[in-house]
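# Fold and contact review
Okay, here's what each chain looks like letter by letter:
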Amino acid sequence: TQLLEQSPQFLSIQEGENLTVYCNSSSVFSSLQWYRQEPGEGPVLLVTVVTGGEVKKLKRLTFQFGDARKDSSLHITAAQPGDTGLYLCAGAGNNDMRFGAGTRLTVKP
Amino acid sequence: NAGVTQTPKFQVLKTGQSMTLQCAQDMNHNSMYWYRQDPGMGLRLIYYSASEGTTDKGEVPNGYNVSRLNKREFSLRLESAAPSQTSVYFCASSGRGTASSYNSPLHFGNGTRLTVT
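Okay, so let's go over this structure. Model, not experiment: these values are computed from the prediction.

As a further point, take the overall build of chain B. Helix and strand counts for chain B come out as zero helices and 11 strands. Relative to the compact-globule value of 13 Å for 117 residues, chain B shows a C-alpha radius of gyration of 14 Å, a close match. C-alpha extents for chain B along the principal axes are approximately 45 × 25 × 25 Å. Considering chain B as a whole, with its 117 residues, one finds that 50% of them fall into the buried category.

Quick look at the structure:
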């Protein structure tokens, strides 16, 4: 059983569409991070959210941390083929970071 | 600035063989981690080292050992490889363990793709 559940597992959309992916847990996290991973590479950090209710924007990407610090969402506006990749959320524990299984996003031109 | 370097990039082992995966970081980070990534399972923590001289088990430590050789290097050893250890292995480092940062990001290497036949 994953500590962090991500949905959907797979998402295939056309260029220009909007999308939201979710990261949910029954645990409270001190912080939550989102990473993007491309084939053959390691994950790369996109954002860290720390405060319940926090919203962070990174160009067309909007990240939100739930009020109770148990869940998070990532919204992409006007998706582009360059957004294709595996999106992973990760929650901070005492000394480590635990990851969800990821959402694999494909944006078709 | 190389970041996190993992060697080898690819490896094929027969069941029962042993090998060591090497990892080095040049960011002066205190903490280092070994994860494995399997389809549908995400990244699972094998072992971590919060600081030089310490190591601790993660979620899936069975069948693995680690050595924090110095602040830069953290190796992962498979003493007797099994097909269930076929996976992609990622090493990561972070500034976690310093006074200021329990939220510091993980910096990953590009992985070692291991197949055990």
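Now that the structure has been shown, we can carry on.
What follows covers the state of the cysteines. Residue and element names in this part refer to chain B. Applying the stated criterion across every chain, the model contains two disulfides over all chains. One disulfide bridge connects Cys 23 with Cys 91, the sulfur atoms lying 1.9 Å from each other. Around the S-S axis, the bridge from Cys 23 to Cys 91 shows a dihedral of about -75° and counts as left-handed. Pair noted here: Cys 23 is in strand 3 (residues 19–25) and Cys 91 is in strand 9 (residues 87–94), with a separation of 68 residues, a long-range link.

For the rest of this paragraph, the subject is the side chain of B:Arg44. All names here are of chain B. Here Arg 44 is to be found in strand 5 (residues 42–49). Within the structure, Arg 44 has its side chain in polar contact with the side chain of Asp 38 (distance 2.9 Å). Apart from the residues within four sequence positions on either side, Arg 44 is in contact with Trp 34, Tyr 35, Arg 36, Asp 38, Glu 59 and Val 60.

All right, on to the nonpolar core then. Residues A:Leu19, A:Leu32, A:Trp34, A:Leu74, A:Ile76 and A:Leu105 are the most contacted members of the largest nonpolar core, which totals 20 residues. Going through the elements one at a time, strand 3 (19–24), strand 4 (32–37), strand 5 (44–49), strand 7 (61–65), strand 8 (71–76), strand 9 (85–92) and strand 11 (103–108) of chain A are the ones with two or more residues in this core. One finds B:Met19, B:Leu21, B:Ile46 and B:Val66 within the second-largest nonpolar core, a separate group that totals 19 residues.

Bringing the pairing of strand 7 (residues 64–68) of chain B into the picture now. Residues and elements named next belong to chain B. On strand 7, burial follows the alternation: Tyr 64, Val 66 and Arg 68 on one face are buried, whereas Asn 65 and Ser 67 on the facing-out side are not. As paired strands, strand 7 and strand 8 (residues 74–78) are joined by five bridges and run antiparallel to one another. Looking across to strand 8, one finds that Val 66 is bridged to Leu 76. A loop of five residues connects strand 7 with strand 8, the two strands running antiparallel in sequence.

Here we take up the sheet that holds strand 1 (residues 5–7) of chain A. Residues and elements named next belong to chain A. The antiparallel open sheet is built from five strands, whose spatial order is 1-3-8-7-6. Each of the sheet's edge strands pairs with one partner strand only, and the pair in question is strand 1 and strand 6 (55–58). Ignoring which end each strand starts from, the neighbouring axes of this sheet average 15° apart.

Next up on the list: the sheet that holds strand 3 of chain B. All names here are of chain B. Here we have four strands laid out as an open sheet, ordered 1-3-8-7, and antiparallel in their pairing. In the strand order of this sheet, the two ends are held by strand 1 (4–7) and strand 7, each with one partner. Geometrically, the sheet is characterised by an average inter-axis angle of 15° between neighbouring strands, direction not taken into account. The pairing of strand 1 with strand 3 spans four bridges and is classified as antiparallel.

There is about 390 Å³ of room inside the largest pocket. A:Gln37, A:Leu86, A:Arg104, B:Gln37 and B:Pro39 are the residues nearest the centre of the largest pocket, which is lined by 21 residues in total. Looking at the lining of the largest pocket, the elements that each hand over two or more residues are strand 4 (31–38) and strand 9 of chain B. Here the lining of the largest pocket gets three residues from one element, more than from any other, and that element is strand 9 of chain B. Partitioned by chemical class, the residues of the lining of the largest pocket number eight nonpolar, eight polar and five charged.

Let's shift gears to the interface of chain B and chain A. Each partner contributes residues to the interface: chain B has 22 residues there, and chain A has 26 residues. Summing both sides of the interface, chain B and chain A together bury roughly 1,800 Å²; the carbon and sulfur share of this comes to 53%. Where chain B touches chain A, the interface holds one salt bridge. With its nearest N and O atoms 3.9 Å apart, the salt bridge here joins A:Arg98 to B:Glu59. Those elements that provide at least two residues to the side of chain B that touches chain A are strand 4 and strand 5 of chain B. In terms of residue count, the dominant contributor to the side of chain B that touches chain A is strand 5 of chain B (four residues).

Cut-offs applied
- Residues numbered from 1 in each chain as written.
- Chains lettered and ligands numbered in written order.
- Predicted model: local features only at pLDDT ≥ 70, side-chain atom pairs only at ≥ 80, totals over all residues.
- Heavy atoms only, no water.
- Helix = DSSP H or I, 4+ residues; strand = E, 2+ residues; numbered from the N terminus.
- Rg over C-alpha atoms; globule rule 2.2 N^0.38 Å.
- Buried < 20%, exposed > 50% of the residue type's maximum accessible area, 1.4 Å probe, protein only.
- Disulfide = S-S within 2.5 Å.
- Polar contact = N/O pair within 3.5 Å; in protein donor to acceptor, adjacent residues only side chain to side chain.
- Contact = heavy atoms within 4.5 Å.
- Core = buried A, V, L, I, M, F, W, Y, C linked by side-chain atoms within 4.5 Å.
- Pairing = 2+ DSSP bridges.
- Axes fitted to C-alpha atoms, helices over the stretch in contact; angles between N-to-C directions.
- 1 Å grid on protein atoms, 1.4 Å probe; cavity = no way out; pocket = protein on both sides within 12 Å on 5 of 7 lines; lining within 4 Å.
- Points joined across faces, edges and corners; volume = space filled by probe spheres on them.
- Nonpolar A, V, L, I, M, F, W, Y, C, P; charged D, E, K, R; others polar.
- Buried area = accessible area lost by both parts, 1.4 Å probe.
- Salt bridge = Lys/Arg side-chain N within 4 Å of Asp/Glu carboxyl O.

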